[in-house]
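Given next are the chains, with one letter for each unit.
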Amino acid sequence: MRGPAGGRHVRIIDISQRLDASTPLWPGEPALVVSHHARISETCSVNVGAVHMALHSGTHADAPFHYDVAGQSSAETALEPYIGRCVVVDVRRCAGSAVDVGDIDWSTLAAAAAPRVLLRTYEGFPHAAWDAGFRAVSAEVIRRLAGLGVVLVGTDAASLDPQDSKTMEAHHAVRAADMRILEGLVLDGVAAGVYELIALPLPLAGADASPVRAVLREIAA
Ligand SMILES: N[C@@H](CC(=O)c1ccccc1NC=O)C(=O)O
Ligand SMILES: [Zn+2]
Ligand SMILES: [Zn+2]
């Protein structure tokens with residue numbers, strides 16, 4: 001089938017938050033501002049804008065530099081982890097404050113043979129307000145995923161570690177296994193299963209995170 005752009009028609013599921021002044025922010029972070037320093041008028045032929053945004057707002061990729069003083073910035077990190085086969089795992093029934101080893105069906109996960117794992121914790125993404133009680137991920141889950149060869153872990157929560165964490169155990173387990181992280185995904189209505197993920201960080205020099213436009217493509221059966 002041919003799509004509007006003339007290419008083969010594949011269903012693309014956008015799993016990115018919309019970025020505007022009401023996008024929920026980590027407490028104390030600066031609000032997103034898109035400003036315009038040129039406006040179409042009699043003397044100017046174009047609109048031209050600039051953006052000011054917190055790097056851990058919206059759907060984003062943490063760069064290793066976020067949790068490692070010697071880690072790579074968004075500009076330096078390889079892109080391979082951010083494109084390819086992934087599995088969406090439904091952990092909505094998880095009862096604790098963090099996704100634990102017992103909340104995951106490991107045999108189904110291993111059978112998916114996907115080097116990228118996205119965890120769906122929310123029934124519905126909290127677009128209207130910051131959710132301080134988001135569900136973190138235990139470091140043991142990260143270690144188990146690393147043991148299966150997973151190179152990227154994503155979550156619809158704001159972070160892998162609890163908001164008040166001082167130890168950042170999940171992030172450090174990610175660092176130990178040199179994995180990559182996506183946070184703030186929107187997985188509402190996304191069925192558990194295997195997809196192709198595309199979620200590329202921008203080559204922002206020195207940045208500890210980058211916004212991504214994260215999408216899933218359905219894999220033809
Ligand atoms: N750990 C979070 C982000 C984070 O820690 C953070 C983000 C913005 C402002 C402060 C933060 N942490 C600090 O105390 C993350 O996983 O990306
Ligand atoms: Zn982050
Ligand atoms: Zn993080």
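- If you look the chain up in an unreviewed UniProt entry, it shows as Kynurenine formamidase from Novosphingobium fuchskuhlense.
- UniProt, in the comment section headed Subunit (unreviewed entry), describes the chain in these words: "Homodimer."
- Here the chain is described in UniProt, under the heading Catalytic activity (unreviewed entry), as follows: "N-formyl-L-kynurenine + H2O = L-kynurenine + formate + H(+)".

1. Side note on the pattern of salt bridges
- Inspection of the entire model under this criterion finds eight salt bridges.
- Among the ionic pairs, arginine 11 bridges to glutamate 218, the shortest N-O distance being 3.1 Å. Taken as a pair, arginine 11 in the segment before β1 (12-14) and glutamate 218 in strand β13 (residues 215-218) lie far apart in primary sequence, 207 residues in all.
- Overall, the relative accessible area of 39% leaves glutamate 218 in the partly exposed class.
- Salt-bridge contacts for arginine 143 lead to glutamate 140; the nearest nitrogen and oxygen are separated by 3.3 Å. Placement of both arginine 143 and glutamate 140 in helix α2 (residues 139-147) is noted, with a separation of three residues, approximately one turn of the helix.
- By relative accessible area, arginine 143 is classed as partly exposed at 47%.
- Under the relative-accessibility criterion, glutamate 140 is labelled partly exposed at 37%.
- A single network of salt bridges, built from pairs that share partners, joins Asp90, Arg92 and Glu123.

2. Notes on the layout of surface pockets
- Within this model, the largest pocket holds a volume of roughly 190 Å³.
- In terms of lining, the largest pocket is formed by 14 residues, of which the most central are Trp26, His56, His66, Ser159 and Met168.
- Residues that form the lining of the largest pocket fall into these classes: four nonpolar, seven polar and three charged.
- In this structure, the second largest pocket occupies an estimated 160 Å³ of space.
- Of all elements in the fold, only β5 (83-90) and α1 (106-112) reach the threshold of two or more residues within the lining of the second largest pocket.
- In terms of residue count, the dominant contributor to the lining of the second largest pocket is β5 (four residues).
- A class-by-class count of the residues in the lining of the second largest pocket yields seven nonpolar, two polar and four charged.

3. Topic: the coordination of the zinc ion (ligand 2)
- The coordination sphere of the zinc ion (ligand 2) contains the protein donors His56 (ND1), His60 (NE2), Asp62 (OD) and Glu183 (OE), at a distance range of 2.0 to 2.2 Å.
- Expressed as a motif, the donor residue spacing for the zinc ion (ligand 2) is H-x3-H-x1-D-x120-E.
- The two metals, the zinc ion (ligand 2) and the zinc ion (ligand 3), are separated by 3.4 Å and share aspartate 62 as a common coordinating residue. Here histidine 56 is found in the loop between β3 (48-52) and β4 (60-62), whereas its partner glutamate 183 is found in strand β10 (residues 180-183), with 127 residues between them in sequence. Across the pair, glutamate 183 and histidine 56 agree in class, each one buried.

4. Concerning the site of ligand 1
- The local shell around ligand 1 consists of Trp26, Glu29, His56, His60, Asp62, His66, Ser159, Met168, His171 and Glu183.
- For ligand 1, an oxygen atom lies 2.9 Å from a polar atom in the side chain of histidine 171.
- Taking glutamate 183, its side chain carries an N or O atom lying 2.7 Å from an oxygen atom of ligand 1.
- About the coverage of ligand 1: the protein hides 70% of its 390 Å² of free accessible area.
- Under a 2 Å grid-point criterion requiring more than half of the atoms, the pocket assigned to ligand 1 is the largest pocket.

5. Structural notes on the UniProt feature "binding site: Zn(2+) 1" (unreviewed entry) in the chain
- Per the UniProt annotation, the sites labelled "binding site: Zn(2+) 1" (unreviewed entry) are His56, His60, Asp62 and Glu183. These annotated residues cover 128 residues of sequence, and their C-alpha atoms lie no more than 8.3 Å from one another, placing them together at a single site. Among the annotated residues just listed, those lining the largest cavity are His56 and His60.
- Of note, aspartate 62 is situated in strand β4.

Basis of the calculations
Residues numbered from 1 in each chain as written. Chains lettered and ligands numbered in written order. Predicted model: local features only at pLDDT ≥ 70, side-chain atom pairs only at ≥ 80, totals over all residues. Heavy atoms only, no water. UniProt positions renumbered as here; feature names shortened; annotations may be inferred. Salt bridge = Lys/Arg side-chain N within 4 Å of Asp/Glu carboxyl O. Helix = DSSP H or I, 4+ residues; strand = E, 2+ residues; numbered from the N terminus. Buried < 20%, exposed > 50% of the residue type's maximum accessible area, 1.4 Å probe, protein only. 1 Å grid on protein atoms, 1.4 Å probe; cavity = no way out; pocket = protein on both sides within 12 Å on 5 of 7 lines; lining within 4 Å. Points joined across faces, edges and corners; volume = space filled by probe spheres on them. Nonpolar A, V, L, I, M, F, W, Y, C, P; charged D, E, K, R; others polar. Donors = N, O, S within 2.8 Å, 3.2 Å for Na, K, Ca; no water. Near = heavy atom within 4 Å. Polar contact = N/O pair within 3.5 Å; in protein donor to acceptor, adjacent residues only side chain to side chain. Areas by Shrake-Rupley, 256 points an atom, 1.4 Å probe, with all protein chains shown as cover. Sits in = over half its atoms within 2 Å of the grid points.

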